[in-house]
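Chain and residue survey
Single-letter residue listing:
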Amino acid sequence: MHDESQILGYQPGSGFIYQLNATTKLVFMLLVSAACMITYDTRFLVAIGIFSIFLFKEANIKWRQISFIVKFIVAFMVLNLLFVYLFQPTYGENIYHSKSILIHAGYFTLTIQEVFYLFNLLLKYVCSIPIVLLFLLTTNPSQFAASLNRIGISYKISYAVALALRYIPDIQNSYWAISAAQQARGVELSKKAKLSKRIKGTLNIVMPLIFTSLDRIDTISTAMQLRRFGSKKKRTWYVAESFNENDFWIMGLAVVLVLVVVLLWWLDHGRFYNPFV
Amino acid sequence: MQVNPFHDVTATINKGDFVSIVGQNGAGKTTLCRIICGFISNEGRVLFNGDDLASLSIKERSEKIGYVMQDPNQMISQKMIFDEVALGLRLRNYNKEEIKQKVYHALKICGLYPYRNWPISALSFGQKKRVTIAAILVLEPDLLILDEPTAGQDWKTYTEIMSFLKQLNEQGKTIMIITHDMYLMMEYTNRSLAFADGELIADTLPIKLLTEKGLIKKAALKRTSLYDLAKKYQLKDPDAFVRAYINSERNK
Amino acid sequence: MKTRGLSVKNVVAIGIGSAIYVILARFTSIPTPIPNTNIELVFPFLALLAAIYGAKVGFAVGFIGHALSDFIMYGQTWWSWVLATGIFGLIIGLSSKRLDLKNGIFGIKQIIFFNIVQILANAIAWIAVAPVGDILIYSEPANKVFVQGISATISNGITIMIVGTLLLKAYAGTKIKKGSLRKED
């Protein structure tokens, strides 16, 4: 059973974000994600978090497109936060050099500092995920690959990425077809089945999937060789777009944000913004 | 991706029918088969011999309905031909002797008996196709659905597969074939269901599909060159001409 | 035709390989009774690919595949683990020179060699690269990351030992030796 709209990918649309050059969006996403990853300055993270959600709303993405993945992300995030807490409930007080107990629970004693630390982790998700999702939904995969080349990654690797994006839907369809055929033969895949049967069953699908997909490598590379791919040092891209004023503003903004993070690092005397000391 | 969802499709397939399912890509042909086999969910009912299939799992349905996919590589998961054909039986816990018997029987029907101890990787595309058909036949389903069984085959293999399917049909198996091949449709099948935009636009004799102007356009079928030939020579009844030619081919 | 750097075949192998990685990561994760431990079939696949195509492809598919699948599944990439997967692919790829899969050879000697390499590669990737990355880049607590790393090494090591060996054997098996088959009546 599958629903085709759950394949998270590019959907053409109109609006400010769609009109930006793919390279711009890539650069913005990379720089801002890096900035949010590095800093633990809560004020910065809150500001970017709000900005991020605002951007997302602006693009008018339909809930249906992302509902599945958002649920997934939220589940994953909650699990990760839980694990971070369970493994070292004292991490917060170590970072912030103070201890204010909220709930007494022996090893699992919860401090405000720990909550604050987990809050920061949460904010990081809120900051980067909308931007990444926006990027995925508004960028044509070929342009994405071309934009990788623009920022200096070798065109062969960029092309490989384009190939990967192009073939994910095909291989996904192969997977479903094979899975259906195997289930019709009697292979058990459901959660009810014993673990060993599930493994065997999944293998029955994975093996043909892998081998038929490996065959594609031969046919496609022959096709590309016939078109003289790879014989020169550089490559022009059919889908390359030009930059306009908006692109420079957005990229400029990204650079500014990175500089802000550097400034904050200096102001906070380190990665962490510490309101407790 | 299904652009136009399936709607308002009602049809009854009778035992012993040899049906062709035609239409443009994306019209709903494969979707229909997937619904029958239970791979995707649907509103509405699918009845088999009066029983509602909704209560049956994919595995249970596969005992009555066998679906042979277009790409044999998507169906094959074992190394040896014997193991591939035996897979369905082994998963249903038949004993060794029974399995051997049934597998050899299916291989014989499909003309693969001399290769019974070979690995699948040594076979040609057409032979692999026959292995997948054998693997389905071995479960003895009442209804056989084949998706483009002759696509990409040379003439010899094409006629071998089709005459063997014709034989099965004459022995009482109900067969449905998804095809783009108008010739196949006319020469072998006695009924055609045409789909367009998710709707069933015709359920009739194959010949009618190729001669009725309205239907041709809707189903995006191409008129046969026979019809065009008849028109060029300004024959009074081009339909009759086409029918006569096909009949003479059939009776050869 | 002279090619610089990656050959066309390798470029395509990286592209398709990464696509297969993403699909396997997304659909073939089997949960076990042990909490938060799944049987990941991506890694045996990555091992196969690296064993066939070598270190550059192994690294690239591990890196790009993991990055893309994280992107698509979770909306964010965990760079430390992405790098670890890349390194895993790289190490297996380095061993490909000693194996001779293309000619259908994968006997006991090769099986043992392969498994030693894969366990080593796992250990380096998940007990060294990933945890250190997690601490440096993400400021995660040390014992959490090392425990995660060790459990990943064990589960992947076992999975690859069974499934990976199977895959490589199956692949080697598809390379048929001439004159070995006869029709029987």
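Since the model is a prediction, treat every value here as computed from it, not as a measurement.

**Considerations on a nonpolar patch on the surface**
Residue and element names in this part refer to chain C.
- Together, Ile119, Ile127, Val132, Ile135, Leu136, Phe146, Ile150, Ile154, Ile158, Met161, Ile162 and Leu166 line one region of the surface with nonpolar side chains, adding up to about 1,000 Å² of accessible area.
- Considering each element in turn, the nonpolar patch owes the most residues, 7 residues, to helix α6 (residues 142–174).
- With respect to the helices and strands, Met161 occurs in helix α6.
- For Met161, a relative accessible area of 39% corresponds to the partly exposed category.

**A closer look at the interface of chain C and chain A**
- Tallying the contact residues gives 59 residues for chain C and 65 residues for chain A.
- Overall, the association of chain C and chain A removes approximately 5,600 Å² of surface from exposure, summing both partners, and the carbon and sulfur fraction of that is 76%.
- A per-residue breakdown of the area chain C buries against chain A is headed by C:Ile16, C:Phe71 and C:Tyr74, which together make up 11% of the total.
- Connecting chain C to chain A are 1 salt bridge.
- Note that C:Lys9 and A:Asp218 form a salt bridge whose closest N and O atoms lie 2.9 Å from each other.
- At the surface where chain C touches chain A, the tally comes to 2 residue pairs in polar contact (both at pLDDT 80 or more).
- Put simply, the parts of the chain that give the side of chain C that touches chain A at least two residues each are α1 (8–27), β1 (29–31), α2 (42–53), α3 (55–74), α5 (108–138) and α6 of chain C.
- Examining the composition of the side of chain C that touches chain A, we find that 16 residues originate from one element, α1(C), more than from any other.
- Class assignment for the residues of the side of chain C that touches chain A results in 43 nonpolar, 10 polar and 6 charged.

**Observations regarding the UniProt feature "transmembrane region" (unreviewed entry) in chain C**
- Mapped onto this numbering, the UniProt entry annotates "transmembrane region" (unreviewed entry) at residues 12–29, 41–66, 78–99, 111–133 and 145–168 of chain C.
- Its end C-alpha atoms 32 Å apart, residues 78–99 of chain C is made of 77% helix and 0% strand.

**Examining the environment of A:Tyr159**
- Along the polypeptide, A:Tyr159 turns up in helix α8 (residues 155–185).
- Note: C-alpha distance between A:Tyr159 and A:Ile112 (47 residues apart in sequence) is 49 Å.
- Here A:Tyr159 is in contact with A:Met224, A:Phe229, A:Arg235, A:Trp237 and C:Val11, once residues within four sequence places are set aside.

**Looking at the packing of aromatic side chains**
- This structure, assessed with the given rule, holds 17 aromatic pairs over all chains.
- With a centroid separation of 6.1 Å and 15° between ring planes, the pair formed by A:Tyr40 and A:Tyr117 is classed as stacked. Here A:Tyr40, found in the loop between α2 (22–38) and α3 (42–58), pairs with A:Tyr117, found in helix α6 (residues 112–138); they are 77 residues apart in sequence, far enough to count as distant.
- A ring pair is formed by A:Tyr96 and A:Phe272, whose centres lie 6.1 Å apart and whose planes are at 85°; its orientation type is edge-to-face. Here A:Tyr96, found in helix α5 (residues 91–96), pairs with A:Phe272, found in the segment after α10 (245–268); they are 176 residues apart in sequence, far enough to count as distant. Each of the two residues, A:Tyr96 as well as A:Phe272, counts as buried.
- By the ring-pair criterion, three or more aromatic residues cluster together here, those being A:Tyr40, A:Tyr91, A:Tyr96, A:Phe116, A:Tyr117 and A:Phe272.
- Over the ring of B:Tyr104 we find B:Arg116, and its NZ or CZ is 5.8 Å from the ring centre.

Scoring rules and cut-offs
- Residues numbered from 1 in each chain as written.
- Chains lettered and ligands numbered in written order.
- Predicted model: local features only at pLDDT ≥ 70, side-chain atom pairs only at ≥ 80, totals over all residues.
- Heavy atoms only, no water.
- Patch = residues over 30% accessible without salt bridge, like charges linked within 9 Å, V, L, I, M, F, W, Y side chains within 5 Å.
- Areas by Shrake-Rupley, 256 points an atom, 1.4 Å probe, with all protein chains shown as cover.
- Salt bridge = Lys/Arg side-chain N within 4 Å of Asp/Glu carboxyl O.
- Helix = DSSP H or I, 4+ residues; strand = E, 2+ residues; numbered from the N terminus.
- Buried < 20%, exposed > 50% of the residue type's maximum accessible area, 1.4 Å probe, protein only.
- Contact = heavy atoms within 4.5 Å.
- Buried area = accessible area lost by both parts, 1.4 Å probe.
- Polar contact = N/O pair within 3.5 Å; in protein donor to acceptor, adjacent residues only side chain to side chain.
- Nonpolar A, V, L, I, M, F, W, Y, C, P; charged D, E, K, R; others polar.
- UniProt positions renumbered as here; feature names shortened; annotations may be inferred.
- Phe/Tyr/Trp six-rings, centres within 6.5 Å; stacked < 30°, edge-to-face > 60°.
- Lys NZ or Arg CZ within 6 Å of the ring centre and 35° of its normal.

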